[in-house]
Amino acid sequence: MTKKYIAEIKPINEDVIGTSVSGKAELIEEEETLKIKIEATGTPPNMMHWSHFHGFTDGTKGRVPTKDADTNGDGVIDLPELYAVAGQTMVPFDDAPQDMNIPHDNYPHADANGNWNYEFEVPITKLKAKFKEKFGSEDLQLDTRTVLIHGVPESVKLPDTVEGTVKEYGPHTTLPIGVGEIERA
């Protein structure tokens, strides 16, 4: 049985990054494959953008954060503030989502016009096994997850209060710039 999911990607932190990210994600569960296709415009150009699906392990529906998510009032919704609304980082949209390795440099890059695209076919059995190992269940619950695109150039001035360091990657890499709620189509 084929299951199709979509997410409309909306901008987040657009006032800080000076551009407004928008796009669409499509996830299709088909037999032994999860086909993922994401297209976005308005991303900072000529750079790598981390991207993932986020979620909650208890099945709570992840949401697109509003300005209220900026709990420290610095004008930026950073990664820790995002987690409260959209959930934790779960599966990367990189060169091997089924391995669930998050911090690295193998994510897609935006072109010179700020267009960012990702397309990948994931072996779903391997992904579900790794997901169960990490989160205790192999049920991906895609319709409760959010799609996230992250990353701004180092030249963007962020307040000192912005958090979100993951291993050696700082807030410029992890800053959320686009988010969409995944819905069953």
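Residues numbered from 1 in each chain as written. Predicted model: local features only at pLDDT ≥ 70, side-chain atom pairs only at ≥ 80, totals over all residues. Heavy atoms only, no water.

Asker: It is not clear to me how the pairing of strand 8 (residues 176–181) should be interpreted in this structure. Could you clarify?
Answerer: Every regular strand shows the same layout, with side chains that alternate between the two sheet faces. Burial analysis of strand 8 places 6 of its 6 residues in the buried class, the great majority of the element. Relative to strand 8, strand 1 (residues 3–11) runs antiparallel, the two being bridged by 2 bridges. Directly across from Lys-10, in strand 8, lies its bridge partner Val-179. (Buried < 20%, exposed > 50% of the residue type's maximum accessible area, 1.4 Å probe, protein only. Helix = DSSP H or I, 4+ residues; strand = E, 2+ residues; numbered from the N terminus. Pairing = 2+ DSSP bridges.)

Asker: Just to check I follow, could you spell out the packing of aromatic side chains for this structure?
Answerer: The description of an aromatic ring pair rests on the distance of the ring centres and on the angle between the ring planes. Per the stated rule, a full pass over the model turns up 7 aromatic pairs. Ring geometry for Trp-50 against Tyr-107: centres 5.7 Å apart, planes inclined by 35°, an arrangement best described as tilted. With Trp-50 in the loop between strand 3 (33–41) and strand 4 (51–55) and Tyr-107 in the loop between strand 5 (88–92) and strand 6 (116–123), this residue pair connects regions lying 57 residues apart in the sequence. Ring pairs connect the aromatic residues Phe-53, Phe-93, Tyr-118, Phe-120, Phe-131 and Phe-135, which therefore count as one cluster. (Phe/Tyr/Trp six-rings, centres within 6.5 Å; stacked < 30°, edge-to-face > 60°.)

Asker: How should I be thinking about the pattern of salt bridges in this particular structure?
Answerer: Side chains that differ in sign of charge can pair as their charged atoms come close. Scanning all chains against the criterion turns up 8 salt bridges. Between Arg-63 and Glu-181 there is a salt bridge, and its shortest N-O distance comes to 3.0 Å. Taken as a pair, Arg-63 in the loop between strand 4 and helix 2 (79–86) and Glu-181 in strand 8 lie far apart in primary sequence, 118 residues in all. A residue is classified by how much of its surface remains accessible, and Arg-63, at 39% relative accessible area, is partly exposed. (Salt bridge = Lys/Arg side-chain N within 4 Å of Asp/Glu carboxyl O.)

Asker: Which parts of the structure should I look at to understand the nonpolar core?
Answerer: General note: in soluble globular proteins, nonpolar side chains tend to be found buried as a group. Leu-34 and Ile-38 are the most contacted members of the largest nonpolar core, which totals 36 residues. Put simply, the parts of the chain that give this core at least two residues each are strand 1, strand 2 (22–30), strand 3, strand 5, strand 6, helix 3 (124–135) and strand 7 (146–150). Residues within four places of Leu-34 in sequence aside, it is in contact with Leu-27, Ile-28, Glu-29, Phe-120, Glu-121, Val-122, Ile-124, Leu-127, Leu-140 and Leu-142. Judged by nonpolar contacts, the second largest core, of 8 residues, contains Ala-69, Leu-79, Leu-148 and Val-179. (Core = buried A, V, L, I, M, F, W, Y, C linked by side-chain atoms within 4.5 Å. Contact = heavy atoms within 4.5 Å.)

Asker: Explain the pairing of strand 1 to me, please; I cannot follow it from the model alone.
Answerer: The pairing of strand 1 with strand 2 spans 7 bridges and is classified as antiparallel. The residue of strand 2 that forms the bridge with Ala-7 is Ala-25. Relative to strand 9 (residues 183–184), strand 1 runs antiparallel, the two sharing 2 bridges. For Ile-6, the partnering residue across the bridge sits in strand 9 and is Glu-183.

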